[in-house]
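# Analysis of the macromolecular model
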Amino acid sequence: MNSPSSPACRTPLCGACMGGVGGCLGDAGRRVASVCGCVLMRLNPLRRPGMEEMDAITAITVSPKKDFIAIAERGEQATITVWEIKTRKKKKVMTALDVDSAEYVHMCFSPDGKELLALSGEPDYVLIKFAWDKGTVKASTKLNQPVYQVSFMPQDPQIVCVCGHNLFRFYRLQDSNFKNMPNAMQKRDAQNYVCHAW
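Described below are features of the structure shown in this document.

Here four strands make up an open sheet; going across it, the order is 5-6-7-8 and the pairing antiparallel. One side of each edge strand has no neighbouring strand; the edge strands of this open sheet are strand 5 (57–62) and strand 8 (89–94). Strand-to-strand twist of the sheet, defined as the mean angle between neighbouring strand axes without regard to direction, takes the value 20 degrees. Two elements, strand 5 and strand 6 (residues 68–73), share five bridges in a ladder whose sense is antiparallel. The residue bridging Ile60 from the neighbouring strand is Ile71, located in strand 6.

Here the focus is the nonpolar core. Ile80, Tyr104, Met107, Leu116 and Phe130 are the most contacted members of the largest nonpolar core, which totals 19 residues. Looking at this core, the elements with two or more residues in it are strand 6, strand 7 (79–84), strand 9 (104–109), strand 10 (116–120) and strand 11 (126–131). One finds Leu127, Val160, Val162 and Leu167 within the second-largest nonpolar core, a separate group that totals 17 residues.

How each quantity is defined
- Residues numbered from 1 in each chain as written.
- Predicted model: local features only at pLDDT ≥ 70, side-chain atom pairs only at ≥ 80, totals over all residues.
- Heavy atoms only, no water.
- Pairing = 2+ DSSP bridges.
- Helix = DSSP H or I, 4+ residues; strand = E, 2+ residues; numbered from the N terminus.
- Axes fitted to C-alpha atoms, helices over the stretch in contact; angles between N-to-C directions.
- Core = buried A, V, L, I, M, F, W, Y, C linked by side-chain atoms within 4.5 Å.
- Buried < 20%, exposed > 50% of the residue type's maximum accessible area, 1.4 Å probe, protein only.

Below you can see the structure in the form of structure tokens.
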């Protein structure tokens, strides 16, 4: 397992399926995916482990129903691939043209599993909301400062939370744009927020 300071993982961790290290938990706590160097191990206790060789994996996340896994890879152009876990079939490959970074540092599926939030790394730290089944970008905004985690509000997936170095913000998706929502955390002295939970 890589440490948060290694080149393969530049984001702090605060749970399973965050950043680019560790594993993602499947049904009943079984591990369904794990990063081992530049290889993604997909494990199924009823079959022998399957492997997919990839470039450097920078983030992974599993959908709430545990039926899809999204894998972000570092490259000349950062790429996200969504796989169906049961069939091991590639469902969608996504990139965003307005991202200058070569990697995505964090991702999160919406509560219904139909959308995917992705956060690119340095230099621009772009927040992107994909309709992943269509492979389209619904909204994006450049944050231009280190950000570690993004997530959907469970009760209202039109609201997202972003935290990072001197940053804790809520955004609402309106007219294909992320609109900053005022919150009490913005009035506090600047701090390094490494993770959050709803």
